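# Working through the structure, step by step
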Amino acid sequence: RDDNNNEDDDSLSDNSMTLEEEVEALRATTIGHFTLGAIKQVSSLRDKVDETKTKFVKLLEYFGEEERQEMQPHELFNIICTFCRDFDKAKEQVHDNVKKKQREERKRQANNKVTNGASSTNGSKPPVRRARSSPLRVSSMQPSMSA
């Protein structure tokens, strides 16, 4: 039996074609054209997967996760989504606190006017209006969050 296997191996190697011959044989048939197209698409997809993996590693480094190279994309994007939700909640809370302080200040000023009007003291100063300041930005790359 070993002799038969050796003969089969020899017969296969005798019938083997070069790459160019294989491509020409594939081009001769409809299924061959399909196969060549599929090979090109798979090769292109593999290149894109490699490029995407490289970009993801750079993204991990950008967000300071380079020590966690085994992190999966869905894990990173889950972290980013959680951060964005928490950031939006904090932004709303700050906005609500600012409005509350403004209401309290207007109420206090209204009470002062009533008190000052009743005592009719001269020389009272008008309330000082503060200019609305823009929110603090951490970097020039941070998007503007002003409404």
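Here the structure is a predicted model, which is why all the values come from computation and not from measurement. (Residues numbered from 1 in each chain as written. Predicted model: local features only at pLDDT ≥ 70, side-chain atom pairs only at ≥ 80, totals over all residues. Heavy atoms only, no water.)

### Details of helix 3 (residues 30–62)
With 33 residues, helix 3 should reach 48 Å at 1.5 Å per residue; the first-to-last C-alpha distance of 48 Å fits that figure. Within helix 3, the full set of buried residues consists of G32, L36, F56 and L60. For helix 3, the N-terminal capping position is held by T29, with its side-chain oxygen 2.9 Å away from the main-chain nitrogen of G32. Backbone geometry just downstream of helix 3 places G64 in the positive-phi region, at approximately 75°. (Helix = DSSP H or I, 4+ residues; strand = E, 2+ residues; numbered from the N terminus. Expected span 1.5 Å × (residues − 1). Buried < 20%, exposed > 50% of the residue type's maximum accessible area, 1.4 Å probe, protein only. Polar contact = N/O pair within 3.5 Å; in protein donor to acceptor, adjacent residues only side chain to side chain.)

### Points about the pattern of salt bridges
A full pass over the atoms with the stated rule returns 3 salt bridges. One salt bridge connects R27 with E24, and the closest N-O pair in it is separated by 3.3 Å. Residue R27 and its partner E24 are both found in helix 2 (residues 19–27); the two are separated by 3 residues, about one turn of the helix. We classify R27 as partly exposed; its relative accessible area is 45%. The salt bridge partner of E51 is K55, with a shortest N-O separation of 3.2 Å. One end of the pair is E51 and the other is K55, both in helix 3 and 4 residues apart, which spans about a single turn. For K55, a relative accessible area of 53% gives the class exposed. (Salt bridge = Lys/Arg side-chain N within 4 Å of Asp/Glu carboxyl O.)

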